[in-house]
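# Inside the fold
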Amino acid sequence: MVRKTILIFAALVVALLALFQLSKYSILTGDSSIETIISIIAIIFFIIGVIINKRILHKEKSTTNKIDYKKIEELGLSKREYEVLCTVALGLSNKEIAEKLFVSESTIKTHVSNILIKLDAKRRTQAIQIAKELKIIQS
């Protein structure tokens, strides 16, 4: 991904240098006015910008993870358990989750225990991994 970006910008720089050399030649021979050359360069870079923008926007749409709500229902996760699972995925402790959701820490422990059972996981990290694989939380 990074290499591709570097190559694109390198190609743009080379194209810009080539256009400047072409404009220099055009000015020396008197074939075109400076305004025409600048307009052509501006139009070319506008088109390149639009093409790059479309590729980036298209890539973002295809990489967005959609949550599988049917799978959440199939697993029997309640809304609160799902909410706890999402906060567990953020790396929060039981105490932090309890404070954030305005419930007791023992309630969070119960929810986490239920989540582990429903996802057939032994640890919180394993539950998060399974949830990502099932596409019920963002990766």
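Read on for a plain summary of the structure. Bear in mind that the values here come from a model prediction, so they are computed numbers and not experimental data.

### Description of the overall build of the protein chain
Looking only at helices and strands, the protein chain features seven helices and zero strands. Starting at the N terminus and walking to the C terminus, you meet the elements of the protein chain as α-α-α-α-α-α-α. Residues classed as buried in the protein chain amount to 24% of the 139 residues present. Of the contacts made within the protein chain by residues no fewer than 6 positions apart, 55% connect residues no fewer than 24 positions apart. When the accessible surface of the protein chain is summed, it comes to about 10300 Å², and 63% of that surface belongs to carbon and sulfur atoms.

### Focus on the side chain of E81
Among the secondary structure elements, E81 is positioned in helix α4 (residues 79-89). Since its relative accessible area comes to 5%, E81 is described here as buried. Once you skip the residues sitting within four places of it in the chain, E81 turns out to touch G76, H111, N114, I115 and K118.

### Concerning the environment of I97
In this structure, I97 sits in helix α5 (residues 94-101). For I97, a relative accessible area of 0% corresponds to the buried category. For the pair formed by I97 and I108, sequence separation is eleven residues and the distance between their alpha carbons is 7.2 Å.

### Here's the deal with empty space enclosed by the protein
According to the stated counting rule, one finds one cavity of 30 Å³ or more in the structure shown. Taken as a whole, the largest cavity spans an internal volume of roughly 40 Å³. Forming the walls of the largest cavity are L85, V88, V112, I115, L116, R124 and A127. In terms of residue count, helix α6 (residues 105-119) provides more of the lining of the largest cavity than any other element does, three residues in total. Class assignment of the residues belonging to the lining of the largest cavity gives a composition of six nonpolar, no polar and one charged.

### Quick notes on the pattern of salt bridges
Taken as a whole and assessed by the stated rule, the structure comprises three salt bridges. One salt bridge connects E74 with K71, and the closest N-O pair in it is separated by 3.6 Å. Of this pair, E74 and K71 both sit in helix α3 (residues 69-75), three residues apart, which is roughly one turn of the helix. For E83, the salt bridge identified is with R80, shortest N-O distance 3.0 Å. Residue E83 and its partner R80 are located together in helix α4, separated by three residues, close to a single helical turn. Owing to a relative accessible area of 28%, R80 belongs among the partly exposed residues under this scheme.

What counts and how
- Residues numbered from 1 in each chain as written.
- Predicted model: local features only at pLDDT ≥ 70, side-chain atom pairs only at ≥ 80, totals over all residues.
- Heavy atoms only, no water.
- Helix = DSSP H or I, 4+ residues; strand = E, 2+ residues; numbered from the N terminus.
- Buried < 20%, exposed > 50% of the residue type's maximum accessible area, 1.4 Å probe, protein only.
- Contact = heavy atoms within 4.5 Å.
- Areas by Shrake-Rupley, 256 points an atom, 1.4 Å probe, with all protein chains shown as cover.
- 1 Å grid on protein atoms, 1.4 Å probe; cavity = no way out; pocket = protein on both sides within 12 Å on 5 of 7 lines; lining within 4 Å.
- Points joined across faces, edges and corners; volume = space filled by probe spheres on them.
- Nonpolar A, V, L, I, M, F, W, Y, C, P; charged D, E, K, R; others polar.
- Salt bridge = Lys/Arg side-chain N within 4 Å of Asp/Glu carboxyl O.

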